[in-house]
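One-letter residues, chain by chain:
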Protein chains: 2
Amino acid sequence: MPTAADSKVGPGSGRGGPRGRYAKSEEIRASILDAALEVFAQGGFRAGSLRLVAERVGMSEPGILHHFSSKTTLLEAVLERRDQLAQQFIPPKTVDGEASVRGLIDLARHNASTPGVVELYCTLSAEATSPDHPAHAYFVHRYEVTRGILLDAFADLERRDLLREGATPSGAATATIAMMDGLQIQWLLDRTVLDMAEELRRFLRGLTTIDV
Amino acid sequence: MPTAADSKVGPGSGRGGPRGRYAKSEEIRASILDAALEVFAQGGFRAGSLRLVAERVGMSEPGILHHFSSKTTLLEAVLERRDQLAQQFIPPKTVDGEASVRGLIDLARHNASTPGVVELYCTLSAEATSPDHPAHAYFVHRYEVTRGILLDAFADLERRDLLREGATPSGAATATIAMMDGLQIQWLLDRTVLDMAEELRRFLRGLTTIDV
DNA sequence: GTCTATAGTTAGATAGAC
DNA sequence: GTCTATCTAACTATAGAC
């Protein structure tokens, strides 16, 4: 919870230096984004308030709005930042289907260690189903991209005859995304009853013949 | 995504009126519940407002609150009513696993004809992941019940040697629920890209050897 | 860069007339 | 059973002092 917004003194970037790649402003923005992620994760965007974000970060509401001009802008920045971090996990341009599938299980295992992020995406993706939601376009695009990546991965596996009989790359991509999303809901409701990575692995074993 | 049912209250139970099974009050309550379903479906409970419900039903906000003492009470009544209707679809006490699995596909097909209900459960189940949400206990219980029903169904199939190798009743129950939930999210985002019933059937074919 | 003060909106809920 | 009027509280956002 505490996100260390307390350090008021910037290390090397003194008053004189107009420059400085690690200006204090950037640190403050980062701590605001951390707080906003937690707030939006718990109940979604519409139910989350700037007041809660401000409280968490130890600042007033106008203080937040000095760095992000509106609540919607703040949400967009949160999503953008998570995408940057997630990109390290699955390089989008892999053509090795086997590696991609293994990466999915790693991702599921990693997600289990960051419940806040899982909560954020689970809540938001359901909320953003409404066409008038500020993150609707983001999620539509996100699912398209994800589906494309998995489609390539399963197509590669099909070429190498590693897909089980009856499975198609398209169907496998859709089903895998659905499985990951659905497991997250059950996991968020009761984290003791379910191992997301393990369940996903069993699913992928039924879908492919690779040894995951 | 009505997948299970439990309900304690019958339609006309407990009303003070000495006579009149079809009192006008009951009709009004029903029309309020219809409107509330649509409002809560679009963006969840927290984002939905009594004002919108009142607008839809052609009444003032206090008019609504005369029939349901609070917004939370109204939500509970909506969920209770949906459970009553869903109960007709899958009789909870079936021991025939094959019939239950076929019932799931019928249910998915039926759901595709009532997008509002799918939206309601999809949005609410994500939102109610938070322990302080008014419907949290409801959804925890609902998932327990659903899981129990599917567990019995797949256990029956296992006894009759109709589960594929590597599948367990417990894992199959969890995975099937996850698949249904996950398909709904993708379907709500873009209803043209996905046939929920068909995808579910393909999934169940990979899980069992029955001819669904 | 952060604050106080406040505008302007919307929310859920209550009181009491009809 | 339904309404108008009203209360209280929370929200996003802006203006302007420091």
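This text follows the structure it describes.
Everything in this summary refers to the structure shown in the same document.

Here is what the cut-offs are and how they apply
Residues numbered from 1 in each chain as written. Chains lettered and ligands numbered in written order. Predicted model: local features only at pLDDT ≥ 70, side-chain atom pairs only at ≥ 80, totals over all residues. Heavy atoms only, no water. Contact = heavy atoms within 4.5 Å. Buried area = accessible area lost by both parts, 1.4 Å probe. Salt bridge = Lys/Arg side-chain N within 4 Å of Asp/Glu carboxyl O. Polar contact = N/O pair within 3.5 Å; in protein donor to acceptor, adjacent residues only side chain to side chain. Helix = DSSP H or I, 4+ residues; strand = E, 2+ residues; numbered from the N terminus. Core = buried A, V, L, I, M, F, W, Y, C linked by side-chain atoms within 4.5 Å. Buried < 20%, exposed > 50% of the residue type's maximum accessible area, 1.4 Å probe, protein only. Lys, Arg positive; Asp, Glu negative; His and termini not counted. Near = heavy atom within 4 Å. Nonpolar A, V, L, I, M, F, W, Y, C, P; charged D, E, K, R; others polar. Arc of directions from axis to C-beta.

Looking now at the interface of chain B and chain A. Listed as interface residues are 35 residues of chain B and, on the opposing side, 35 residues of chain A. Roughly 2900 Å² is buried in total at the junction of chain B and chain A, and carbon and sulfur atoms are behind 65% of that figure. The interface formed by chain B and chain A contains 0 salt bridges. In this structure, the connection of chain B to chain A is made through 4 residue pairs in polar contact (both at pLDDT 80 or more). Those elements that place two or more of their residues in the side of chain B that touches chain A are helix 2 (44-47), helix 7 (115-127), helix 8 (136-159), helix 9 (169-189) and helix 10 (196-207) of chain B. Residue contributions to the side of chain B that touches chain A peak at 13 residues, all from helix 9 of chain B.

Before going further, it helps to spend a moment on the nonpolar core. Leu74(A), Phe154(A), Leu200(A), Leu74(B), Phe154(B) and Leu200(B) are the most contacted members of the largest nonpolar core, which has 122 residues in total. If sequence neighbours within four positions are ignored, Leu74(B) has contacts with Ile32(B), Leu33(B), Ala36(B), Phe40(B), Leu50(B), Val53(B), Ile64(B) and Phe68(B).

Residue and element names in this part refer to chain A. Positioned with a positive phi, Asp-161 is a non-glycine residue whose angle comes to about 60°. Structurally, the position occupied by Asp-161 is in the loop between helix 8 (136-159) and helix 9 (169-189). On the accessibility criterion, Asp-161 (62% relative accessible area) is exposed.

Relative to the helices and strands, Asp181(A) is located in helix 9. Among buried charged residues, Asp181(A) stands out as having no salt bridge; its nearest opposite-charge side chain is Arg142(A), 7.1 Å away. Of the polar contacts made by the side chain of Asp181(A), one reaches the side chain of Tyr143(A); its length is 2.6 Å. Excluding residues within four positions of it along the chain, Asp181(A) makes contact with Tyr143(A), Gly182(B) and Ile185(B).

A separate point is the protein's contact with DNA strand C. Taken together, 16 residues surround DNA strand C, and among them Ser60(A), Pro62(A), His67(A), Leu50(B) and Lys71(B) come closest. His67(A) has a polar side-chain atom sitting 2.5 Å from a phosphate oxygen of DNA strand C. Where the surface near DNA strand C is concerned, the elements lending two or more residues are helix 1 (24-41) and helix 4 (61-67) of chain A together with helix 3 (50-57) and helix 4 (61-67) of chain B. Its residues assigned to classes, the surface near DNA strand C shows 6 nonpolar, 7 polar and 3 charged.

On to the protein's contact with DNA strand D. What surrounds DNA strand D is a group of 16 residues, the closest being Leu50(A), Glu61(A), Lys71(A), Ser60(B) and His67(B). In this structure, a phosphate oxygen belonging to DNA strand D sits 3.1 Å away from a side-chain N or O atom of Ser49(A). Here a phosphate oxygen of DNA strand D sits 2.9 Å away from a polar atom, N or O, in the main chain of Leu50(A). Breaking the surface near DNA strand D down by element, the ones donating at least two residues are helix 3 (50-57) and helix 4 of chain A together with helix 1 (24-41) and helix 4 of chain B.

Turning our eyes to something else, we now look at helix 3 of chain B. Residues and elements named next belong to chain B. For helix 3, the full list of buried residues reads Leu-50, Val-53 and Ala-54. Each buried residue of helix 3 lies within a common arc of 95° when the element is viewed along its axis, so the set occupies one face. The elements touched by buried residues of helix 3 are helix 1, helix 4 and helix 5 (71-87). In the segment just after helix 3, Gly-58 is the residue with positive phi, at about 70°.

This brings us to the pattern of salt bridges. Residues and elements named next belong to chain A. Applying the stated criterion across every chain, the model contains 24 salt bridges over all chains. Between Glu-98 and Arg-102 there is a salt bridge, with its nearest N and O atoms 3.3 Å apart. Within this pair, Glu-98 and its partner Arg-102 are both found in helix 6 (residues 97-111), separated by 4 residues, close to a single helical turn. We classify Arg-102 as partly exposed; its relative accessible area is 36%. Between Arg-201 and Glu-198 there is a salt bridge whose closest N-O contact spans 2.7 Å. Of the two residues, Arg-201 and Glu-198 both sit in helix 10 (residues 196-207), 3 residues apart, roughly one turn of that helix. Overall, Arg-201 belongs to the partly exposed group, its relative accessible area being 22%. Within this structure, Asp-96, Glu-98, Arg-102, Asp-156, Arg-159 and Arg-160 form a network of salt bridges that share partners.

These values are about where atoms sit, not about what they do.
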